[in-house]
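Notes for the structure review
Spelled out, the chains give:
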Amino acid sequence: MPGIRGPSEYSQEPPRHPCLKINSKEPFNAEPPRAALVSSYVTPVDLFYKRNHGPIPVVDDLERYCVSITGLQGAEKTLSMKDIWNLPKYTIAATLQCAGNRRTAMSSTKQVRGVGWDIAALGNAVWGGAKLADVLQLVGIPYNSRVTPSGGKHVEFVSIDKCKEENGGPYKASITLSQATNPEADVLLAYEMNGETLNRDHGYPLRGIVPGVIGARSVKWLDSINIIAEECQGFFMQKDYKTFPPSVNWDNIDWSTRRPQMDFPVQCAICSLEDENIVPTSKITVQGYAASGGGRGIERVDVSIDGGKTWVEASRYQKPGVPYTADDESNSDKWAWVLFEAEVNIPKNAVIVAKAVDTAANVQPENVETIWNLRGILNTSWHRVNVKVSHSNL
Ligand code: MTE
């Protein structure tokens, strides 16, 4: 496509915030310090985690940039940025979470393969853009379609970037046509993040945002959108981002036995403390995030100071000072995380634990061993940190 380059090496990477913890330099994968996540409900763009599989594409001629839509009844359609800007604009707060969030801790049971991540491979942003349902309606596919007259049941997003897993081809993923054409699912073609033009790291000029679903399906730097009969056959749908039972290893794995992971399960983590802490007083405030997939809200966050024997309920909020309620009538952000806070009085040595319960009463598993999988995805086990009080003012 004119005006676009997908560099095959890393000479044109954008500048990045020096506070980011780099988990892999090329491709660039980095997360902010834990504490940054709870200092604001909306994560600043420069502190938002970056998850890439290849070099960041260069789009230097927006006038000539366009997205092609194929698999339609008639001829392929091409949409320019102007066509997308002309559609109604929506701003949606949504948490994006990498399925590999907390992967490093999964390796403590048994080594897993993949980029290591602490607990900050997620962030909450306000995405601005057109609804995919409106874009598809514009090209002739009505709202809430399950199948097109020519048998299309899935919507595939294909990027401009180049990654080695696709043998130098582009990153791609798909969602179902029913999700894509459901205006209530809030799937966006986003061109803004937190009120600013999307930056290069996060998908400039246009990316998909699929709320409530693992980050891998929110394809950046869109090149084409294809209406297809079967789900996308790309590497990241078929040979990655699937969960397997703990008994499956690299010798007996059969990727075709599992479906691509879509919704994110319930998750929470403590961000105001590191894994090991020495604190001056026994009165401390425990803060963190909680989020679930599929638009399910957070019903409760429990915090323990004795390794999980007894629990107190944390307070939850999205807007500071406004208690959070997960019901549809409230003005809570359905697709966004909930921050939590609990004041606790700890003994000299404490194991502080947090676990969240979502509105479907799904709860995080106690131990990582039971959900161990060879690719190290979806570590949603109880989050634990160790705290010692340095003064004997107990
Ligand atoms: N889109 C493209 N084109 N290339 C990628 O490498 N990574 C995916 C997704 N979309 C990726 C992509 C993954 S695994 C995640 S978790 C999110 O983008 C990360 O988005 P972010 O870097 O904006 O945080």
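The following paragraphs examine the structure supplied in this document. The structure displayed is predicted, hence computed values, not measured ones.

**Quick look at the side chain of Asn226**
Mapped onto the elements, Asn226 comes out in strand S15 (residues 222-228). A residue is classified by how much of its surface remains accessible, and Asn226, at 11% relative accessible area, is buried. With residues near it in sequence (within four places) discarded, Asn226 still touches Thr70, His154, Val155, Glu156 and Val158.

**Some points on the sheet that holds strand S4 (residues 50-51)**
The strand order across the open sheet formed by three strands is S2-S3-S4, and the pairing between neighbours is antiparallel. Edge positions in the sheet fall to strand S2 (21-24) and S4, since each of these pairs with one other strand and no more. Relative to S4, strand S3 (residues 29-31) runs antiparallel, the two being bridged by two bridges. From the neighbouring strand, Ala30 faces S4, where its bridge partner is Lys50.

**Focus on the site of the ligand**
As a structural note, the neighbourhood of the ligand is formed by 20 residues, with His53, Asp161, His202, Arg207 and Lys220 the closest of them. Note that a nitrogen atom of the ligand is positioned 2.7 Å from one of the side-chain N or O atoms of Asp161. Measuring from an oxygen atom of the ligand, one finds a side-chain N or O atom of His202 at 2.7 Å. Starting from 530 Å² of accessible surface for the ligand in isolation, the protein chains cover 100%. Put simply, the ligand lies in the largest cavity. Looking at side-chain class alone, the shell around the ligand contains nine nonpolar, six polar and five charged residues.

**Points about the pattern of salt bridges**
Under the criterion given, the structure shown has 16 salt bridges. We note a salt bridge from Asp263 to Arg296, for which the minimum N-O separation is 3.7 Å. One end of the pair, Asp263, is in the loop between helix H6 (235-238) and strand S16 (267-270); the other, Arg296, is in the loop between strand S18 (283-291) and strand S19 (298-304), with 33 residues separating them in the sequence. Classification of Arg296 as partly exposed rests on a relative accessible area of 26%.

The rules behind each value
Residues numbered from 1 in each chain as written. Predicted model: local features only at pLDDT ≥ 70, side-chain atom pairs only at ≥ 80, totals over all residues. Heavy atoms only, no water. Helix = DSSP H or I, 4+ residues; strand = E, 2+ residues; numbered from the N terminus. Buried < 20%, exposed > 50% of the residue type's maximum accessible area, 1.4 Å probe, protein only. Contact = heavy atoms within 4.5 Å. Pairing = 2+ DSSP bridges. Near = heavy atom within 4 Å. Polar contact = N/O pair within 3.5 Å; in protein donor to acceptor, adjacent residues only side chain to side chain. Areas by Shrake-Rupley, 256 points an atom, 1.4 Å probe, with all protein chains shown as cover. 1 Å grid on protein atoms, 1.4 Å probe; cavity = no way out; pocket = protein on both sides within 12 Å on 5 of 7 lines; lining within 4 Å. Sits in = over half its atoms within 2 Å of the grid points. Nonpolar A, V, L, I, M, F, W, Y, C, P; charged D, E, K, R; others polar. Salt bridge = Lys/Arg side-chain N within 4 Å of Asp/Glu carboxyl O.

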